[in-house]
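What follows is each chain in one-letter form.
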Amino acid sequence: MAYQIGDTVVYPRHGAARVEDIEDRKTPDGQTRTYLKLDVLSTDGLVIFVPEENVESIGVRDIADGNDVGKVFEILRTPIEEEKTNWSRRYKLNQERIASGDLQQIAHVVRDLAQRDDDAHGLSAGEKRMLTKARKVLSAEISLSEKLSEEETQRLLDVNLGFADPEPGDEKHHTMAPDEPASETLHRIEEQSLKSKKHSSKKAR
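Residues numbered from 1 in each chain as written. Predicted model: local features only at pLDDT ≥ 70, side-chain atom pairs only at ≥ 80, totals over all residues. Heavy atoms only, no water.

Participant: Quick question: what am I supposed to make of the overall build of the chain here?
Facilitator: When its secondary structure is counted, the chain shows seven helices and five strands. Reading the chain from its N end, one meets helices and strands in the order β-β-β-β-α-β-α-α-α-α-α-α. By residue count, 39% of the 205 residues in the chain fall in the buried class. Accessible surface for the chain amounts to roughly 11,700 Å². Of this, 47% is attributable to carbon and sulfur atoms. (Helix = DSSP H or I, 4+ residues; strand = E, 2+ residues; numbered from the N terminus. Buried < 20%, exposed > 50% of the residue type's maximum accessible area, 1.4 Å probe, protein only. Areas by Shrake-Rupley, 256 points an atom, 1.4 Å probe, with all protein chains shown as cover.)

Here is the structure:
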């Protein structure tokens, strides 16, 4: 797809970006190639130059529409499923999800880390940074899709996660309170895990 100056796109790993310029540049081998100059919106001053011919293979795509946003918020409202895996494997998986540029995959990262962050054990410093980045990537694109401010979009993320109460009009942006607030999810999982361990211990006697 041919993009124009002023278009807004999504760049994998970094999220929403605006096409600031389209320019011809010489490569080290002396050839001239056309590049898109992308200004990443979720960061301060990050600029990426993408060869126009490689836009599709790199994974640059259009901004999400309302249906996509609705699916993202639905994921945020879904209780976390505790994974039987170690910390390093979980961290690597979340890195891959963010790098994919897929909005639903990033929503899984935000949901899982946000709900774990509310647990008594909390998150490591690395996972806290990852959560902040994933939320920025999500909110930058959803803000553009729903024509909302970044601050308002962050509030909607919290509503769908169960950290804030919904306000009148939120339903117009695919938002509602989850059936189970994030603050209760891991407590329930831990209670179930404790009961399971007690049951196994009794059977072993």
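Resuming the write-up.
Participant: Which parts of the structure should I look at to understand the pattern of salt bridges?
Facilitator: Here the idea is simple: oppositely charged side chains can pair when their charged atoms come close. Tallied over the full model, the rule gives eleven salt bridges. Across the salt bridge formed by Asp112 and Arg97, the nearest N and O atoms sit 3.7 Å from each other. You can see Asp112 sitting in helix H4 (residues 103-117) and its partner Arg97 sitting in helix H3 (residues 87-100), a full 15 residues away along the chain. For the pair Asp112 and Arg97, a shared accessibility class is recorded, and that class is buried. A network of salt bridges, in which partner residues are shared, links Glu152, Arg155, Glu167 and Asp170. (Salt bridge = Lys/Arg side-chain N within 4 Å of Asp/Glu carboxyl O.)

Participant: Help me understand unusual backbone geometry in this model?
Facilitator: Outside of glycine, negative phi angles account for most residues, and trans bonds account for most peptide bonds. Positive phi is not limited to glycine here, since Lys147 has a value of about 60 degrees. For His174, which is not glycine, the phi dihedral falls at a positive 65 degrees. For His174, the position within the fold is in the loop between helix H6 (150-161) and helix H7 (182-204). Accessibility expressed as a relative area gives 28% for His174, which makes it partly exposed.

Participant: Would you explain the packing of H4 against helix H5 (residues 125-146) in this entry?
Facilitator: Two measures define how a pair of helices packs: the angle their axes make with one another and the distance between the axes. It is the contact of H4 with H5, at a shortest axis distance of 9 Å, that shows an interaxial angle of 135 degrees. Here H5 runs oblique to H4, going by the angle between their axes. Two packed elements cross with a definite hand, and for H4 against H5 that hand is left-handed. Contacts from Leu103, Ile106, Ala107, Val109, Val110, Leu113, Ala114 and Asp117 of H4 reach H5 at Glu127, Lys128, Met130, Leu131, Ala134, Arg135, Val137, Leu138 and Glu141. (Axes fitted to C-alpha atoms, helices over the stretch in contact; angles between N-to-C directions. Parallel < 35°, antiparallel > 145°, perpendicular 65-115°, else oblique. Left-handed = near helix turned anticlockwise from the far one by under 90°. Contact = heavy atoms within 4.5 Å.)

Participant: Any chance you could explain the pairing of strand S4 (residues 47-51) here in plain terms?
Facilitator: A regular strand carries its side chains on alternate faces of the sheet. In the sheet, strand S3 (residues 32-40) pairs with S4 via five bridges, with the strands oriented antiparallel. Looking at the pairing, Leu38 lines up with Ile48 of S4. The loop that links S3 with its antiparallel partner S4 comprises six residues; one of these, Gly45, has a positive phi angle of about 90 degrees. (Pairing = 2+ DSSP bridges.)

Participant: Mind showing me how you'd approach the packing of aromatic side chains here?
Facilitator: Aromatic rings considered in pairs are described by the distance between their centres and by the relative angle of their planes. Tallied over the full model, the rule gives one aromatic pair. Aromatic side chains Trp87 and Tyr91 sit 5.0 Å apart centroid to centroid with 20 degrees between the ring planes, which places their arrangement in the stacked category. Here Tyr91 and Trp87 lie together in helix H3, a separation of four residues that amounts to about one turn. The class of Trp87 is partly exposed, set by a relative accessible area of 42%. For the cation-ring pair, Arg25 lies above Tyr35, with the distance from its terminal atom to the ring centre recorded as 5.7 Å. (Phe/Tyr/Trp six-rings, centres within 6.5 Å; stacked < 30°, edge-to-face > 60°. Lys NZ or Arg CZ within 6 Å of the ring centre and 35° of its normal.)

Participant: Whenever I open this one, the side chain of Arg135 confuses me. Can you help?
Facilitator: With respect to the element layout, Arg135 can be found in helix H5. With sequence-adjacent residues up to four places away left out, Arg135 is seen in contact with Val110, Gln154, Leu157, Asp158 and Leu161.

Participant: Is there a simple way to explain the sheet that holds strand S1 (residues 8-11) in this structure?
Facilitator: As a general point, the strands of a sheet are linked pairwise by backbone hydrogen bonds and lie either parallel or antiparallel. Taken in spatial order, the five strands make up an open sheet running S4-S3-S2-S1-S5, and their pairing is antiparallel. Single-partner strands in this sheet number two, and they are S4 and strand S5 (61-62).

Participant: Help me understand the nonpolar core in this model?
Facilitator: The tendency in soluble globular proteins is for nonpolar side chains to be buried as a group. Counting residues in each nonpolar core, the largest one holds 25 residues, and the members touching the most others are Val72, Phe73, Leu76, Val110 and Leu138. Non-local contacts of Leu76, meaning those with residues more than four positions away in its chain, are made with Ala107, Val110, Arg111, Gln115, Leu157, Asn160 and Leu161. With twelve residues, the next largest nonpolar core counts Tyr11, Leu38, Val40 and Ile48 among its residues. (Core = buried A, V, L, I, M, F, W, Y, C linked by side-chain atoms within 4.5 Å.)

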